[in-house]
Amino acid sequence: MRKSAKIISGILAAVLCLMFVISIIDTQETRKDTNFDQDRMLSHIKKLSENGPRSIVDKEANEKALQYLISQVESWGVVNGDTTDKPAYQVQEYVADDEEGRYQNFYLKNLIVHIPANAAETTGEAIMFMSHFDSVPMGQGAFDDGIATATMLEAIRYYLGKMASGYTITNDLVFCFVNGEEYGLYGSHAFMEEFKGFDNVVERIGFATNLESRGTSGTLIMFETADNNYKTMKLFSEINKNIFTCSIATMVYDMMPNGTDFSNFKEVYQGLNMANIGGGEDYHTQNDAPENLESVCLSQQAQIVDTIIEKLGSYNLNQLDDTEK
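So, a few notes on the structure that sits alongside this text. Computed from a predicted model, the values in this text were never measured in an experiment.

The subject of this paragraph is the nonpolar core. By size, the foremost hydrophobic cluster in this structure holds 59 residues, and its most contacted members are Val113, Ile156, Phe175, Phe177 and Met274. Not counting the four nearest positions on each side in its chain, valine 113 is found in contact with Val73, Val78, Ala88, Tyr89, Ile156, Leu173, Val174, Phe175 and Phe177. Grouped together as the second largest cluster of nonpolar side chains are 19 residues, Met128, Met130, Cys176 and Phe195 included.

With that out of the way, let us pick up the pairing of strand S4 (residues 126–132). Extensive coverage of S4 is indicated by the burial of seven of its seven residues. Where burial is concerned, the two faces of S4 agree: the one with Ala126, Met128, Met130 and His132 and the one with Ile127, Phe129 and Ser131 are both buried. Where S4 meets strand S5 (residues 172–178), seven bridges bridge the pair, whose relative direction is parallel. Residue serine 131 lies in a different strand from S5, and its bridge partner there is phenylalanine 177. In terms of strand pairing, S4 meets strand S6 (residues 205–213) through five bridges, oriented parallel. Each bridged residue has a counterpart across the sheet, and for methionine 128 the counterpart in S6 is alanine 208.

Looking now at unusual backbone geometry. In this chain, aspartate 144 is followed by aspartate 145 through a cis amide linkage whose omega measures 10°. Assignment of secondary structure puts aspartate 145 in helix H4 (residues 142–164). At aspartate 199, a position not held by glycine, the phi torsion is positive, near 55°. As for its placement among the helices and strands, aspartate 199 is situated in helix H7 (residues 197–204). Within the chain, asparagine 200 stands out as a residue other than glycine whose phi angle is a positive 50°. Assignment of secondary structure puts asparagine 200 in helix H7.

Over its twelve residues, helix H2 (residues 38–49) runs 17 Å from end to end, which matches the ideal 16 Å to within 8%, given 1.5 Å per residue. Looking only at H2, the buried set comprises Gln38, Met41, His44, Ile45, Leu48 and Ser49. Down the axis of H2, the smallest arc covering the buried residues is 125°, so these residues share one side. Contacts made by the buried residues of H2 are with helix H3 (59–75), H4 and helix H10 (295–312).

Within this structure, the stated rule accounts for ten salt bridges. Of the charged contacts in the structure, one is a salt bridge between glutamate 60 and lysine 64, with a shortest N-O distance of 3.2 Å. Here the residue glutamate 60 and the residue lysine 64 both occupy positions in helix H3, the gap between them amounting to four residues, near one helical turn. Ionic pairing is found between aspartate 172 and arginine 204, a salt bridge with its closest N-O pair at 3.0 Å. Residue aspartate 172 is located in strand S5, and its partner arginine 204 is located in helix H7; the two are separated by 32 residues in the primary sequence. Taking the relative accessible area as the measure of exposure, arginine 204 reaches 14% and is therefore buried. Members of the salt-bridge network, linked through shared partners, are Lys234, Glu238 and Lys311.

On to H7. Among all positions in H7, only Gly197, Phe198, Val201, Val202 and Arg204 are buried. One side of H7 carries all its buried residues, which in axial view fall inside an arc of 165°. Across from the buried face of H7, at angles greater than 90 degrees, the exposed residues are Asp199 and Glu203. Buried-residue contacts for H7 involve strand S2 (88–96), strand S3 (106–115), S4, S5, helix H6 (186–194) and S6.

Let's shift gears to the packing of aromatic side chains. Scanning all chains against the criterion turns up ten aromatic pairs. Between phenylalanine 129 and phenylalanine 175, the aromatic rings sit 5.6 Å apart at their centres with planes inclined by 15°, giving stacked as the arrangement. Highlighted residues: phenylalanine 129 in strand S4 and phenylalanine 175 in strand S5, separated in sequence by 46 residues. Accessibility classification places phenylalanine 129 together with phenylalanine 175 in one group, the buried group. Ring centres of phenylalanine 195 and phenylalanine 198 lie 6.0 Å apart, and the angle between their planes is 50°; this geometry places the pair in the tilted category. Taking relative accessible area as the criterion, phenylalanine 195 reaches 5% and is therefore assigned buried. On the basis of relative accessibility, which here comes to 0%, the residue phenylalanine 198 falls in the buried class. What links up through ring pairs into an aromatic cluster is the set Phe36, Tyr158, Tyr159 and Tyr167. When the ring centre of tyrosine 167 is taken as reference, the NZ or CZ atom of lysine 162 above it lies at 4.3 Å.

Thresholds, definitions, all that
- Position numbers for residues start from 1 in each chain and track the written sequence from start to end.
- Note on the predicted model: pLDDT of at least 70 is required for a residue's local features to be given, and 80 or more for side-chain atom pairs to be given and counted; whole-chain, interface and lining totals, by contrast, use all residues.
- Computation of side-chain values: all heavy atoms of the structure, hydrogens and water removed.
- Residues belong to one nonpolar core when they are buried, are Ala, Val, Leu, Ile, Met, Phe, Trp, Tyr or Cys, and are joined through side-chain atoms within 4.5 Å.
- Only protein chains enter the area calculation, which uses a 1.4 Å probe; residues under 20% of their type maximum are buried, those over 50% are exposed, and those in between are partly exposed.
- A contact between two residues is defined here by any heavy atoms of the two lying within 4.5 Å.
- The way it works is that DSSP assigns letters per residue, a run of H or I at least four long becomes a helix, a run of E at least two long becomes a strand, and they are numbered from the N terminus.
- Two strands form a pair only when DSSP identifies at least two bridges running between them.
- Expected span of a helix, by definition, is 1.5 Å for each gap between consecutive residues, and there is one gap fewer than residues.
- Read the arc as the range of directions from the helix axis to the C-beta atoms.
- By salt bridge we mean one thing: a side-chain nitrogen of Lys or Arg within 4 Å of a carboxyl oxygen of Asp or Glu.
- By convention, a stacked pair of Phe, Tyr or Trp rings (six-membered ring in the case of Trp) has centres within 6.5 Å and planes under 30 degrees apart, an edge-to-face pair has planes over 60 apart, and any other such pair is tilted.
- Placement of a charge over a ring requires the Lys NZ or Arg CZ to be within 6 Å of the ring centre, with the centre-to-atom vector within 35 degrees of the ring normal.

What is shown is where atoms sit, not what they do.
Following this line, the structure appears as structure tokens:
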């Protein structure tokens, strides 16, 4: 009986995967219009990749990547400190405690950037974006997750400038550049469990977006959300009608053995998990390098982050609560 159940489950998984693949075959990989500077984004990716793989076992390259991120946000006027009255950043230090005993513990760092709302009346709530800046030891991580890291950097630069010119938002913006994702989702776990900065911003987040990559090409796909997501999906359809998604995507992903940083907060926040999935043969290989970047993917990540901030910067995030009272 148990053997039959496994066979049936295997067949069902294969059918679902086939349906999902068929559903995205004709999806156009089109360049999107965006306010973000894609040349800057590409420059960030090249700088992050110039020292080779930045995995947590490549300590020097990993630290240099972190210092590059810090140097960029500081150049835009973001200060180092636990303050909510001006744009600020904190470096969160933590121990990656490997409970499975595969290796010795690592001492790692996250970078958390907080941009406070600047409207006359603010909500106290926050919108979060997350990407990981570490890579696997086999590749430079230009896509996984350099493209998302570069997008978040450009979002910080662009919106700091826009807010300085009079643009207002009622919700805070939080950008989490986490470390250790490739070895066990350590950075996002540490952020959720240990970070108390910026007036305990972890408790104030009302919507979260995780940005990932599963290859070196392909269109951006929204493949996972939190539970009770009817209102989130309705909002998503309003934010960007061009980003592909499919109800089968989450079912297929749940059958896979891997996870993303979204796994550490999807039971806490409403939000979205997105990635491009083309060029899977290059995933986690030496081919994940800047020379293989496709500008179409840059524009798609840039557009979705920009439109999310535009839509949710002054949105009543309590409206997304779809749980039973």
